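Summary of structural features
Okay, here's what each chain looks like letter by letter:
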Amino acid sequence: MENQQPTTFEKLNTKIKNSITLRLLSIAFLVLILLIPTSMIESLISEREYRREDVTREVSSKWGGSQTITGPILTIPYTKYIKDEEKNLIQTKAYAHFLPDVLNINGNLSPEIRYRSIYEIIVYNTQLKIDGNFSIPDFNELGINETYILWDEAFISLGITDMKGIKDNIDLKWDEKTYAFNPGIETNDVIGSGVSTKVSLANKLAETGEVDTAKKSFNYSFNLNLNGSSFLSFIPVGKETNVSIQSNWAHPSFNGSSLPDEREITKDGFKAHWKELHLNRNYPQQWLGNIHNVYDSSFGVDLLLPVDEYQKSTRSAKYAIMLISFTFLIFFFIEIRNKKRIHPIQFILVGLALTIFYALLVSLSEHIHFNNAYLISSAAIIVMIGSYSITIFKSGKLTALMSGVLLLLYGFIFTILQLEDYALLMGSIGLFMVLAIIMYLS
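Just so you know, these numbers come straight off a predicted model, no measurement behind them. (Residues numbered from 1 in each chain as written. Predicted model: local features only at pLDDT ≥ 70, side-chain atom pairs only at ≥ 80, totals over all residues. Heavy atoms only, no water.)

Take the environment of Pro100 next. By the element assignment, Pro100 lies in the loop between β2 (89-98) and β3 (102-116). In sequence terms Pro100 and Leu74 are 26 residues apart; their C-alpha atoms lie 7.7 Å from each other. Not counting chain neighbours up to four residues away, the residues in contact with Pro100 comprise Pro72, Asn133, Phe134, Tyr220, Val237, Gly238, Lys239 and Gln285. (Helix = DSSP H or I, 4+ residues; strand = E, 2+ residues; numbered from the N terminus. Contact = heavy atoms within 4.5 Å.)

Structure (structure tokens):
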């Protein structure tokens, strides 16, 4: 019987099998296909992170949210006349705001970890002692005629972001008198949420009724018992602001417009002290109306959890394409050098195993320490791919080589995750070495 000539399809099939270029193109196509499940894993990580944030907001809404302390601020109403469209004079009430000369804040921050489902939420209670003094208001600098000033309606306001966190009544000692703060502020020129109380600005001698010209300032002090969560910050409204905070939390992050002048962080907690002058901010000691925003000058401390498993999982997922590409290239070089044919389906199954690693990592890290979750997840994937490789290569030596490469890759990514400050440097060096190895093998 005469030998049959191969058909065109058979010739094309043989050419595809023997063409290194086409094999590389097919591998590149498979890598792109596997980016779809990788992006789904990243979406899963984001979804779990959003879920944790929802739980945090839920607990904070009942305990007290992140708190920003603003003030105290002395506000004095005055009569103002404006013209309407028909140029008739209309009497309205406006407000002049005066900031303290000295603002001292000393306190203790006591954190707690609350649990909701599988999530940890940081809440705190802070006991603050606030004191200082105000200069006697001078309206001449503001250009307001004293006959228009409503001295009897002067009040002190204190900004508190989440009023739900107030645990005790707040009593203001103003010189020798004591006033109780009440919820709400007459004007939101400066503070949007907080408490206030009217105060007396009389500076007359009790014996004679004459003005006490020697009096230059009003002293104030009060205590604040406040619940909050995650973050505590302050607005440096004093001409000189001194804030001293101590806590038994060992993982603080100091944020805002300025860092502490002095800080001490140990395994038992931290101490921090800020000193801010009025020259360090972009608003004066007194002004009219709402022309200044004081919140841009805030500073404070954020209570961080020691390990953020979602952030690390997201960072590790960014290396997925490198992990899949390099693993496929190692399979390709083994295939070429040892004449071992690997089916595209086998490439896909190995790629899916590499992708499942991230799902294992996220799910385990929600229950155990991230490092342990990484160790278990990577070990499981290396064993799985190693066991599968031995059925493909039929060689213990080649399987050991493949497993060793995966071990190095997962170890390299783990090292990058631990070295946050040097992640870019280590990543660049690692990619350079990978490229050098590929160039050598090719």
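Here the narrative resumes.
Turning next to the side chain of Ser378. Here Ser378 is to be found in helix α6 (residues 370-393). We classify Ser378 as buried; its relative accessible area is 8%. A distance of 2.8 Å separates a polar side-chain atom of Ser378 from the backbone oxygen of Tyr374. Each residue touching Ser378, except ones within four places of it in the same chain, is listed here: Phe357 and Tyr410. (Buried < 20%, exposed > 50% of the residue type's maximum accessible area, 1.4 Å probe, protein only. Polar contact = N/O pair within 3.5 Å; in protein donor to acceptor, adjacent residues only side chain to side chain.)

The next point concerns the pairing of strand β6 (residues 171-174). Burial of the side chains of β6 is restricted to one face: Leu172 and Trp174 are buried, whereas none of Asp171 and Lys173 on the reverse face is. One ladder, built from four bridges, connects β6 with strand β7 (residues 177-180); its direction is antiparallel. Paired with Asp171 across the strands is Ala180, a residue of β7. As paired strands, β6 and strand β10 (residues 217-229) are joined by two bridges and run antiparallel to one another. Paired with Trp174 across the strands is Tyr220, a residue of β10. (Pairing = 2+ DSSP bridges.)

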